[in-house]
Every structure is written in structure tokens, then in C-alpha cells.
Amino acid sequence: MTKKNITFAGIIFEGGTADKYKTGGWRKLRPTLDKDKCIDCLICWVMCPDSAVIVEDGKMVGFNLEHCKGCGICAMECPDKVKAITMEEEEK
Amino acid sequence: MATVTGTKKVVGLTGNSAIAYAMKQIDPDVCAAYPITPSTAIMEEFSGYYADGQVSTELIAVESEHSAMSACIGASAAGARVMTATSSQGLALMWEMLYVASGLRLPIVMAVVNRALSAPINIHCDHSDSMGARDSGWIQLYSENVQEAYDNLFQAVRIAEDKRVLTPVMVCMDGFITSHAIENLTLIDDAEVKDFIGEHEPAYSLLDTENPITVGAMTLPDAYMDIKHQQSKAIAASKDVVLEVAKEFEQRFGRSYGLMETYRLEDAEVCVVVLSSAAGTTKVAVDELRSKGKKVGLLKPRLYRPFPHEEIMEALKHCKAICVLDRADSMNGFGGPLFTDIRASLYDAPERPVVINRIFGLGGRDYTAEDAIGVYEELFKVVETGKVERLSAYLGEE
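Residues numbered from 1 in each chain as written. Chains lettered and ligands numbered in written order. Predicted model: local features only at pLDDT ≥ 70, side-chain atom pairs only at ≥ 80, totals over all residues. Heavy atoms only, no water.

## Considering the overall build of chain B
Alright, step 1. Each helix and strand counted, chain B has 13 helices and 15 strands in total.
Alright, step 2. The C-alpha radius of gyration of chain B comes to 21 Å, within 12% of the 21 Å expected for a compact globule of 398 residues.
Alright, step 3. Here the C-alpha coordinates of chain B stretch approximately 70 × 55 × 45 Å along the principal axes.
Alright, step 4. Expressed as a percentage of the 398 residues in chain B, the buried residues total 57%.
Alright, step 5. Taking the intrachain contacts of chain B between residues at least 6 apart in sequence as the baseline, contacts between residues at least 24 apart amount to 81%.
Alright, step 6. Total accessible area computed for chain B in this model is approximately 16100 Å², and 51% of it derives from carbon and sulfur atoms.
Alright, step 7. Here chain B contributes 36 positively and 56 negatively charged side chains, and the mean placements of these two sets differ by 6 Å. (Helix = DSSP H or I, 4+ residues; strand = E, 2+ residues; numbered from the N terminus. Rg over C-alpha atoms; globule rule 2.2 N^0.38 Å. Buried < 20%, exposed > 50% of the residue type's maximum accessible area, 1.4 Å probe, protein only. Contact = heavy atoms within 4.5 Å. Areas by Shrake-Rupley, 256 points an atom, 1.4 Å probe, with all protein chains shown as cover. Lys, Arg positive; Asp, Glu negative; His and termini not counted. Charge placed at Lys NZ, Arg CZ, Asp CG, Glu CD.)

## Focus: the domain arrangement of chain B
All names here are of chain B.
Alright, step 1. Taken as a whole, chain B is organised into domain 1 (10–253) and domain 2 (261–394).
Alright, step 2. For domain 1 versus domain 2, the distance between C-alpha centres works out to 28 Å.
Alright, step 3. Taken together, the contacts link 29 residues of domain 1 with 26 residues of domain 2.
Alright, step 4. Summing both sides of the interface, domain 1 and domain 2 together bury roughly 2200 Å²; the carbon and sulfur share of this comes to 54%.
Alright, step 5. Together, Tyr-142, Glu-144 and Lys-239 form the three largest contributors to the area buried by domain 1 at its contact with domain 2, with a combined 29%. (Domains from an automatic or database assignment. Buried area = accessible area lost by both parts, 1.4 Å probe.)

## Some details on the pattern of salt bridges
Residue and element names in this part refer to chain B.
Alright, step 1. Inspection of the entire model under this criterion finds 30 salt bridges over all chains.
Alright, step 2. The residue Glu-144 makes a salt bridge to Lys-300 at a minimum N-O spacing of 2.7 Å. Of this pair, Glu-144 sits in the loop between β6 (139–142) and α7 (146–161) while Lys-300 sits in strand β11 (residues 296–301), placing them 156 residues apart in sequence.
Alright, step 3. A relative accessible area of 10% places Glu-144 in the buried class.
Alright, step 4. Overall, the relative accessible area of 2% leaves Lys-300 in the buried class. (Salt bridge = Lys/Arg side-chain N within 4 Å of Asp/Glu carboxyl O.)

## What to know about the interface of chain A and chain B
Alright, step 1. Contact residues are listed per partner, giving 16 residues for chain A and 20 residues for chain B.
Alright, step 2. For the chain A and chain B pair, buried surface summed over both sides reaches about 1500 Å², with 63% attributable to carbon and sulfur atoms.
Alright, step 3. For the pair chain A and chain B, the interface holds zero salt bridges.
Alright, step 4. Residues belonging to the side of chain A that touches chain B are distributed by class as follows: eight nonpolar, six polar and two charged. (Nonpolar A, V, L, I, M, F, W, Y, C, P; charged D, E, K, R; others polar.)

## Let's talk about the sheet that holds strand β9 (residues 260–263) of chain B
Residue and element names in this part refer to chain B.
Alright, step 1. The sheet built from six strands is open, its strands ordered β9-β11-β10-β13-β14-β15 with mixed pairing. Looking at the sheet topology across the chains shown, the edges are occupied by β9 and β15 (392–394). Mean inter-strand twist for the sheet, computed between neighbouring axes without regard to direction, equals 20°.
Alright, step 2. Both strand β14 (residues 354–359) and β15 contribute to a ladder of three bridges, which runs parallel. Residue pairing across strands places Asn-357 opposite Ser-392, the latter belonging to β15.
Alright, step 3. Where helix α10 (residues 277–291) meets the sheet, it contacts β9, β10 (270–273) and β11, and its direction lies at approximately 165° from that of β11.
Alright, step 4. The sheet strands contacting helix α13 (residues 369–385) are β10, β11, β13 (321–326) and β14, and the helix crosses β10 at an angle near 135°. (Pairing = 2+ DSSP bridges. Axes fitted to C-alpha atoms, helices over the stretch in contact; angles between N-to-C directions.)

## Quick look at the packing of aromatic side chains
Residue and element names in this part refer to chain B.
Alright, step 1. Counted by the stated rule, this structure contains 11 aromatic pairs over all chains.
Alright, step 2. Ring geometry for Phe-249 versus Phe-253: centroids 4.9 Å apart, planes at 65°, classification edge-to-face. On the criterion of helical spacing, the pair formed by Phe-249 and Phe-253 is a turn pair, its members being four residues apart in helix α9 (residues 224–253). Pair check on accessibility: Phe-249 and Phe-253 agree, each one buried. (Phe/Tyr/Trp six-rings, centres within 6.5 Å; stacked < 30°, edge-to-face > 60°.)

## Examining the pairing of strand β5 (residues 109–114) of chain B
Each regular strand carries side chains that alternate between the two faces of the sheet.
All names here are of chain B.
Alright, step 1. Counting buried residues along β5, six of its six residues qualify, which places the element largely inside the surrounding structure.
Alright, step 2. Burial of β5 is two-sided: the residues Val-109, Ala-111 and Val-113 facing one way and the residues Met-110, Val-112 and Asn-114 facing the other way are all buried.
Alright, step 3. Relative to β5, strand β4 (residues 82–86) is paired through four bridges, and the arrangement is parallel. Bridging from a neighbouring strand, Thr-84 pairs with Met-110 of β5.

## Notes on unusual backbone geometry
Alright, step 1. In this structure, the amide linkage connecting B:Thr37 to the following residue, B:Pro38, adopts the cis form with an omega of 0°.
Alright, step 2. Looking at the element boundaries, B:Pro38 is found in the loop between β2 (30–33) and α2 (40–51).
Alright, step 3. Cis geometry marks the peptide bond from B:Ala119 to B:Pro120, where omega comes out at -5°.
Alright, step 4. One can find B:Pro120 in the loop between β5 and α6 (128–132).
Alright, step 5. Backbone geometry at A:Asp40 places phi at a positive 55°, although glycine is not the residue there.
Alright, step 6. Positionally, A:Asp40 belongs in the loop between β1 (29–33) and α1 (43–47).
Alright, step 7. A positive phi angle, near 45°, is found at B:Ser88, a position not held by glycine.
Alright, step 8. Looking at where B:Ser88 falls in the secondary structure, it is placed in helix α4 (residues 88–93).

Okay, here's the thing in C-alpha cells:
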């Protein structure tokens, strides 16, 4: 019954394969960014468990929604005086 | 600390000292362990060899057995030859990681010094620790005495690392009875050990950055069962490798091992099946009863996982009545783990022997030759009357 394309112990012969596994579909709450409030402290980038905060040239520019699971850690960690990220219901 | 001064001659060592010395001879790349009675002296003495620069091992002192097995898994996946040791609650704390080690097909070798599980708390010998891990995908070898534990450890390295197997192995011996008693054993020269075990050639390595791999990725219903099927076939096939390795070991070192040991079993009418040190005690009873003309025999499984059910059926099928002595209770209302395996194996026998079960020796309760004689007498009574009064019971229960 073993399928021919199954490798020994399920090893995948390349690295960084989590990038190919899209987890955005799990999301119920979507993070939205108010760039006017954002101070580019990048705490959200540090704390995001899915590496779904996109940073370009040291600036927070948005979210990778193919991987963001909507956990809300970024919104929670965004400093109290800033609160540039809010979680909103995904549209049905 | 015991000092081993010579090789190729008989020395007196405790089971723990012999295992520590075998580990020094194997000189694994990584050893991560957390001490627990009665296996503590293994790591204590191995730490001595490490501190004295007698091994090249990376010794990792961790904060728990769960961490010990986790570190072993990481090191093994990185391509290292890895060993550890534990007992009882320590093995229990490793539980989830045991399945990760076997599922990732990592050839880790672990000495398990058998001790009862809490509660009530107890530090003495029974098999409830390793019996609970019998279906964790590890190969299990049980050792009757210090010599067997020492010899099994080298063979375990070969079995685990065999390309057809790539499965972790537990080498079990009885806590205190074997681990703390000094027995005579013959040591093997360091060079001969090295030659027998060979170089470790890992199946894969996380440190091979030229060829990056992902280990332990999420697998869903389309793949999980196929990977388990691979593992199941490998552990079933490891039985032949156990025999091959034993044969080579005998050719090199003169001591014979198999899937099991039989003692005066060929023409026996009644037989006891028991693991580890209690088999030695039972042999005394067999000799005494044989001297009175009673046809009694013994079967001591050495390889318990995978379970060599066909060979065991062949060895036992001529008996009229068999008592399986379990040093662990499955708490299933039917009988101990060895009993259910032996009884199931005999289902295909042309004429099924009567198979009864006695639980013995829990938490270090003494098991004497007189106890064994009592078991054989009960078996003769079963044969004479054709009646089984108690299928499964505690030895000596009222």
C-alpha cells in the first residue's frame, strides 16, 4: 500500500518548506495596519510566530496573508501608545 | 567508582559499571542523560570517563528525561551516534519523545534499567516501565545478567544502525538485581568493539548544509499512514538483522545469542516463560526438578519487540501447559503483556497448550527457586486434572 513518492521517514529533501504550506485559510480575524500610526518599531515582526509581517528597508509595510493565521499577537504587542494594528472579522 | 583494569579476561562488575564501560568502548558522539535510580551509576561512571578524557563524546547534562530524549533526537538527526540510559519515571517522562525517535527512524541506543512505576513509589525492579513502552516503535532486548547486558549493548548499536532497520533500541536489564550486583563477565578489547560496531553512517543529517532537508514535517492523511507502514515493515524485518548480528557476534566473541534462549525445553511437558534475571532463578528450579525426572523447561525471550511469534510458537507448541511469568501487570483484567503475546502466538499451534499467567516480582518482590518450583507443580496439576483454576493471578495470592 505504501505510495512510491513517500520518502524515508517522510523526510523532505529541501529546507524552508513551511513557506510552501499556506496557512492563511485558517484565519478568522484579519490584521489591518494603520500606517499613519505605525512607528516601525518592528515588535510585531519580532513576535509574529508565522513570519507573516512584511518588512522592507527597515519599515513595516504589511502582512503576508497567505501565512497569517490571524492569531492577533501583532495587535497585542503593538505598543499601547501606538496601536496601529487592529483585528477585524474576515468577510464570510 | 569501579575501575576496569584489564580486558579479555574475566572481571567482576555491576551491571551499571559494565554498561558504562561498554559505552566508553562504543564512544558515542553524543550522550544526553538525566540520572535516575537504579540507572544513575551508568551516567555517573560514564561522566567519569568523559571528565578523564577517555571518550570523545559530547556529554549533555539536561534538566529532565524529556529533554534528554529530545537532545538525543536532535543529535541523532544531525547524524551523530547517540546513547542514553534511564529507568522507571525517567522513561515515562520520555514517553512522547520515544515515538518521535522511532518515527523519525533515529538509531538511538538506550540502556533501560528496569524499575517499578509509581504509585506507590518504589525504586526496585519490575518491568512496568519498559513494558509500557513496548509499542513505542523501539526494538527491545532483555538481558538476564551483566554479561548479556554488556554484549547486548554492542549488538544494539549494529541492529539500530542497520540500513534495513534504522530504529532505536532499548537494552533492558533488571534494576538492582543486575544493575547493582557484581557478576563475572568477559570484556571485549576496545579495538574489537570498534571493529564490530564500525563507523556510524547516518541515513540523513541536518548538519549537511549542502543538502538541506526538512525532518519531522507535518504529514496529513495522504501520507502519515504510508510512513507508519514503512516503519512497521522495518521493525518486523529487524528480527532477521538481530539474528545476523548475533551470529557475527558469536563468530567473533564466542558467545551465542538468538531471538530467545530455551533451557531444557526440547522434551519438556510443562514450561515457564519469563524475561531477564528471573530466568536465571528459574533455571535452578528446572535443574532440581529434572534431577527428579520431571520434564520441565524454560523459554526466555531476548527480543521482545518485534515479537518473534512464529519462532516462539515453534519452540513451545509441544508443551502441554505453560505459565507465562510477567514482571508487570497490564491492568487490563486479562493478564500481563508477555502472557497475552505468548497466548496469541500459540493460537496457530496444531495442538494448543494450556497457557496460564502469573504476575510476580512487582516492585522488587523476591522471586526464588522455590517460587518457580511451585509454578511448575501448579502446571503439572493443570496437566493431570485438565482444569485451570486461575487463568491469570498474582504469584502467591490467596
